[in-house]
Amino acid sequence: NMGILGVLQSLIDMAILLFFLFVFRLSPSVFPISPPNRDDFQCKLYTFIRRFILDISSWTTVISTFDRFTYVLYGQDGRLKKFIKNKWGLSASILTVFLIIGIIDTPNLFYYLINGVCSANNDLNVSSDIISNFLRTYIPFVLMIIFNVLMIRKLFRNDRITFKQNSLSRKENQFTRVVM
């Protein structure tokens with residue numbers, strides 16, 4: 001799972017880099033598309049995609065932390081770990097998180113083009129910024145702190161058991177300690 005999640009994180013980070021490089025920063029003479037300034041649809045789509053890809057970047061890290069958390073807490077035998085270990089279960093989890101973020105980011109679809117500027121009323125701007133900051137920064141940070149604290153507690157509580165486990169479990173627990 002860590003390989004899949006690492007590749008996913010890399011792809012999302014590359015998408016963010018390319019999105020902001022090509023769509024947001026380059027001048028029309030270098031890249032002949034002027035993204036949000038043509039019509040309302042492009043304005044809405046641009047605003048939604050910009051917020052969405054920034055939000056999912058933070059949440060892929062949370063999914064990776066949750067994967068480590070479930071392994072440390074339940075081991076290889078837990079029902080939740082077996083569900084996430086299954087590629088369909090992992091895919092369903094990732095798509096569910098992305099769908100929830102997409103639904104939460106729908107207020108960004110209410111932006112409109114006025115005088116060549118992609119904007120919205122003041123209430124929508126403020127609420128969209130607050131939602132985006134919480135979704136991108138605060139909520140993932142708190143969840144990762146909680147998962148890591150619970151992992152540390154579990155690892156140090158069962159320190160003697162770790163050395164009696166099989167080689168794979170011991171390596172996974174050592175990897176988790178190194179990452180923490």
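Preceding this paragraph is the structure being described.
Residues numbered from 1 in each chain as written. Predicted model: local features only at pLDDT ≥ 70, side-chain atom pairs only at ≥ 80, totals over all residues. Heavy atoms only, no water.

Now for the overall build of the protein. Looking only at helices and strands, one finds 7 helices and 2 strands in the protein. The burial tally for the protein puts 33% of its 180 residues in the buried class. In the structure as shown, the protein presents an accessible area of about 11,200 Å², 67% of it carried by carbon and sulfur atoms. (Helix = DSSP H or I, 4+ residues; strand = E, 2+ residues; numbered from the N terminus. Buried < 20%, exposed > 50% of the residue type's maximum accessible area, 1.4 Å probe, protein only. Areas by Shrake-Rupley, 256 points an atom, 1.4 Å probe, with all protein chains shown as cover.)

This part covers helix α5 (residues 122-157). Taking 1.5 Å per residue as the helical rise, α5 with its 36 residues ought to reach 52 Å, and the 51 Å between its terminal C-alpha atoms agrees with that figure. The largest bend in α5 amounts to roughly 40° and is located at Phe134. Those residues of α5 that sit buried are Leu124, Ser128, Ser132, Leu135, Pro140, Phe147, Met151 and Leu155. (Expected span 1.5 Å × (residues − 1). Bend = angle between axes of the 7 residues up to and from the residue.)

Summarising the element assignment, Asp105 is placed in the loop between α4 (87-104) and β1 (112-114). Buried charge Asp105 goes without a salt bridge, the closest partner of opposite sign being Arg51 at 6.5 Å. In this structure Asp105 touches Phe48, Arg51, Phe52, Asp55 and Leu135, once residues within four positions along its chain are discounted. (Lys, Arg positive; Asp, Glu negative; His and termini not counted. Salt bridge = Lys/Arg side-chain N within 4 Å of Asp/Glu carboxyl O. Contact = heavy atoms within 4.5 Å.)

Attention now moves to a nonpolar patch on the surface. A cluster of nonpolar side chains, contributed by Phe141, Val142, Ile145, Ile146, Val149 and Leu150, occupies part of the molecular surface with about 510 Å² of accessible area. Take Ile146: it is sitting in helix α5. Residue classification places Ile146 among the partly exposed residues on the basis of a relative accessible area of 41%. (Patch = residues over 30% accessible without salt bridge, like charges linked within 9 Å, V, L, I, M, F, W, Y side chains within 5 Å.)

Here we take up the nonpolar core. Core analysis: the largest hydrophobic core is formed by 24 residues, its most contacted members being Ile12, Phe52, Ile56, Ile94, Phe98 and Ile101. Contributing elements (two or more residues each) for this core: α1 (2-25), α2 (40-74), α4 and α5. Here the element with the most residues in this core is α2; it accounts for 10 residues. Aside from chain neighbours lying at most four places away, what touches Ile101 is Phe52, Asp55, Ile56, Trp59 and Leu135. (Core = buried A, V, L, I, M, F, W, Y, C linked by side-chain atoms within 4.5 Å.)

Let us look at the packing of aromatic side chains. According to the stated counting rule, one finds 6 aromatic pairs in the structure shown. Seen in terms of ring centroids, Phe52 and Phe98 are 6.4 Å apart; in terms of plane orientation they differ by 80°. Their pairing is edge-to-face. Of this pair, Phe52 sits in helix α2 while Phe98 sits in helix α4, and the two are 46 residues apart along the sequence. Comparing Phe52 with Phe98, the two get one shared label, buried. Joined through ring pairs, the aromatic side chains of Phe48, Phe52 and Phe98 make up one cluster. (Phe/Tyr/Trp six-rings, centres within 6.5 Å; stacked < 30°, edge-to-face > 60°.)

The next point concerns the pattern of salt bridges. For the structure on display, the rule yields 3 salt bridges. A salt bridge links Arg136 to Asp55; its shortest N-O distance comes to 3.9 Å. Residue Arg136 is located in helix α5, and its partner Asp55 is located in helix α2; the two are separated by 81 residues in the primary sequence. Note that Asp67 is salt-bridged to Arg68, the shortest N-O span being 3.2 Å. On the basis of relative accessibility, which here comes to 9%, the residue Arg68 falls in the buried class.

Treat this as a map of the structure, not an account of what it does.
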